[in-house]
Amino acid sequence: MQDLDGLTEAAPASPPNAVWRIGHFVFDPAARTLEAEGSSERISGKAAAVLLRLAEHAGKVVSREQLIAEVWAGNSYTGSSGLTHTVSQLRRSLRKASSAEPVRPDSEADEDTGPIETISKSGYRLLWPAVQVTGAEAEAPAPARKSKLPWLAGGVSVLLVMALALAWQARHGANTVAQRSLSAITTLEGIEESPAYSPDGHSLAYVWRRTGVPPRLRVVDLQRPEAPARELTDPQDRLYRPVWVDTHHLAYLQGQHGESCRVMLVDLRNDSRRDLAECHYLTGAATLAASPDGQWLAFSRRSSSAPGGLALMLHHMADGQERVLAQAGEGLGYGEMAWSHDGRHLAVLQLKDTVGDLVRLDVRSGEVLRLTRETAPIWALAWRQGDRDLVFSAGLAGDFALWRVDADGGTPSRFARIDNVGSLAAIPDGSGDVAASVLRYDDHIELYTLADGALRSSIRSSGRDLYADACQDAEHPIFVSFRARRIGVWYRDGANAEARELPLPAGTPEPPACSPDGRRYATVLSPSDGPNQLVIGDLNGGAAPTVIPVQAEVASPSWGVDGRTLIVYSTRENHPELWRFDPATQTFSLLTDDHAHFGREVMLGTQRWLYYARENQRGLWRRRLDDKGRPASPGELVLNDLAQQDWGNWAWHDGELWRISRGAAGDQLIRRDATGRDHALLTLPSASIGPFRSLSIDKTGLALVTRHGPTQGDLVRVPADGQ
């Protein structure tokens, strides 16, 4: 079964048109409705998919792993929290019309669970009886109310939850700071962390991790980027924090969190390894640093004489002699550390619970200078060239970003608006730039422009860009984004311009649409309370956008060919169909009568057509319109190769139909020419291309596609401030 609210799901065991009686409810999985006692509620696609699987196994435990595998396509990162949220939604929906507590089959569940019981560390069980019935045995459900934001109900709802969960991390006023550009150094499917540049700047070493695969120490020749990376593994499979001692030797930690740890040295000329010293390791804390001349290694070690139980040690590489540089105070430990380029100072993170102080230690005298004050978590740091200041990753004043502080103390200032930084390293080229290990999770989405089947360029940001519409061309996209840690509508006015957020009233926006002339945009806002709002604005700025309150639920706007009216999905009078809306008169006129879901008006020669997808059905339909834009023929199926989840993933350009096709070969961008022949322009792994409205074609024939990225951490180049 395809789900309008997320990625492709596995087919259920029950027939596609089966209706279920669950307790005193009638559940129609295809229509996603729950009816009881004269009331009807429409639930999300994810909720319907989960309830269907629980109904198919009523009275039995369905594991979380199975539900995530089948409903979230195995995406455990988004599926875990999504499943918990979905079950909570189902419990509320199933309680609404409950007049009596049905008999529980074989257990006494907590009264808060209602009809769905949580089995600790296992899964869920439907406690109510569930029986599959025919359409004649079940009363016809009442007309369903459409979700105000169908595109948010699945994959994007996960991003919304994440954005809300992280809202405390950022302040609204931070939007005035320009987004720093990033250039990727590596892009592997996994986590790339702890970047370290060789003393001559010719090589980059880092640790690569992926679930189920032993970690690898990779060394990249930056002078020959086309050459294969050199890979080293450790027999203990506990490899962390590589640091260069000289151009031929790398030290690293072979550790286990809070327990055994050894400082190891590897000779890159022959891969031989040597055990140097005992150490103490904390997960995520890079407690190892090498002096610029390669003579000393700094690391932490357990110490009975230190009040906090840890000492900061210096190990001399030539003779193995060691000395104590500092001792941790009561309740303190050591985390990230970095040696200044002149070798005089060691910057160290003093940890206390989940926060820490950044301190500067004089290597000769042991004198301590505190640079920050236990106000927020800090987890990565690096000296910039010249040793005048340090860059660190922290959440200061609720704003998670890269910060800079003077080496002699002072108030930190923002260096770059980049979060999720795992580690930092200075780039030895005199630019003052740093390299950052930026963690990008399953919600990481980039917009790509495509031509001739190749990835032409990438519109990069902090991630979470999606649902674009090409306006004048692909270099002028309007799109939904989470850049400001909330859902907003953004616009980029040309290839070299920084994207800017469009001023909108409070509320959650629908994917926006550009007018045919590329000068205006339209979107639908769903405020926390009150009616929906249609918003029409000018992309050139100037006047404030026009806001039109609409009493009916509307969604999925697109512009008519006249550039004056809008095609919208609406449930006016409890009748979900496509309507034409005239903003000037604020009037609706009905366009369809077959549960159309999303449509675009198309001119083929002198004839106007309405092409549209139908709710919960595969395929693309069309009907002829008269010269005034009114329906003049019944709907006819013109294309069956369009998944339910792709109701907006199609577009007309120059007499040709472009669409997203999903199959065994993966996700494909297909162009159907005027003769009806299909041409595959791009093939990506399954579930790579976003659902709903992730495809747009500009006037020159360039396609904008929203591509989901894999779980990965890219090493990226962060420009120096002001560069």
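Scroll up for the structure.
Draft legend 1. View of the nonpolar core. If you look at the biggest cluster of nonpolar residues, it comprises 30 residues, and the most contacted ones within it are Trp 20, Ile 22, Phe 27, Leu 83 and Ile 116. A per-element tally of this core places helix H1 (residues 45–56) first, with eight residues. Setting aside anything within four residues of it in sequence, one finds Ile 116 in contact with Leu 54, Val 87, Leu 90, Arg 91, Leu 94, Tyr 124, Arg 125 and Leu 126. Counting 19 residues, the second-largest nonpolar core is a separate cluster that includes Leu 276, Ala 277, Phe 299 and Ala 311.

Draft legend 2. Spotlight on the state of the cysteines. Under the counting rule described, the total for this entry stands at two disulfides. Paired by a disulfide, Cys 261 and Cys 279 hold their sulfur atoms 1.9 Å apart. Taking the sign of the torsion about the S-S bond as the criterion, the disulfide between Cys 261 and Cys 279, at about -85 degrees, is left-handed. Placement of Cys 261 in strand S16 (residues 261–267) and of Cys 279 in the loop between strand S17 (272–278) and strand S18 (288–290) is noted, with a sequence separation of 18 residues between them. According to the relative accessible area criterion, Cys 261 is buried, its value standing at 2%. Note on cysteine connectivity: Cys 471 is disulfide-linked to Cys 514, with sulfurs 1.7 Å apart. Here the residue Cys 471 occupies a position in the loop between strand S34 (465–470) and strand S35 (477–481), and Cys 514 occupies one in strand S39 (residues 513–514), the gap between them amounting to 43 residues. Like Cys 514, Cys 471 is buried.

Draft legend 3. Just the sheet that holds S16, in detail. A sheet is described by the order of its strands in space; here four strands give the open sequence S14-S15-S16-S17, paired in antiparallel fashion. The strands lining the two open edges of the sheet, one partner per strand, are strand S14 (239–246) and S17. Each strand axis lies, on average, 25 degrees off the axis of its neighbour in the sheet, ignoring direction. As paired elements, strand S15 (residues 249–255) and S16 share seven bridges and run antiparallel to each other. Each residue of the ladder has a partner; that of His 249, found in S16, is Asp 267.

Draft legend 4. Structural detail: the pattern of salt bridges. Following the criterion strictly, the structure yields 30 salt bridges and no others. Arg 53 is the salt-bridge partner of Glu 70, the closest N and O atoms lying 2.8 Å from each other. Residue Glu 70 is located in helix H2 (residues 64–71), and its partner Arg 53 is located in helix H1; the two are separated by 17 residues in the primary sequence. The class of Arg 53 is buried, set by a relative accessible area of 2%. Residue Arg 262 pairs with Asp 275 through a salt bridge whose shortest N-O separation is 3.1 Å. Of this pair, Arg 262 sits in strand S16 while Asp 275 is found in strand S17, placing the two residues 13 residues apart along the sequence.

Draft legend 5. Spotlight on the side chain of Asp 389. Summarising the element assignment, Asp 389 is placed in strand S27 (residues 389–396). Setting aside residues up to four positions removed in sequence, Asp 389 forms contacts with Trp 383, Arg 384, Arg 404, Val 405, Asp 406 and Ala 407.

Draft legend 6. View of the environment of Ile 487. Mapped onto the fold, Ile 487 is located in the loop between S35 and strand S36 (488–491). Between the C-alpha atoms of Ile 487 and Asp 465, which are 22 residues apart in sequence, the distance is 9.7 Å.

Draft legend 7. Representation of H2 within the structure. Along H2, the positions that sit buried rather than exposed are Arg 64, Leu 67, Ile 68 and Val 71. Each buried residue of H2 lies within a common arc of 95 degrees when the element is viewed along its axis, so the set occupies one face. The N-terminus of H2 is capped by Ser 63, whose side-chain oxygen sits 3.0 Å from the backbone nitrogen of Gln 66.

Criteria and thresholds
- Residues numbered from 1 in each chain as written.
- Predicted model: local features only at pLDDT ≥ 70, side-chain atom pairs only at ≥ 80, totals over all residues.
- Heavy atoms only, no water.
- Core = buried A, V, L, I, M, F, W, Y, C linked by side-chain atoms within 4.5 Å.
- Buried < 20%, exposed > 50% of the residue type's maximum accessible area, 1.4 Å probe, protein only.
- Helix = DSSP H or I, 4+ residues; strand = E, 2+ residues; numbered from the N terminus.
- Contact = heavy atoms within 4.5 Å.
- Disulfide = S-S within 2.5 Å.
- Pairing = 2+ DSSP bridges.
- Axes fitted to C-alpha atoms, helices over the stretch in contact; angles between N-to-C directions.
- Salt bridge = Lys/Arg side-chain N within 4 Å of Asp/Glu carboxyl O.
- Arc of directions from axis to C-beta.
- Polar contact = N/O pair within 3.5 Å; in protein donor to acceptor, adjacent residues only side chain to side chain.

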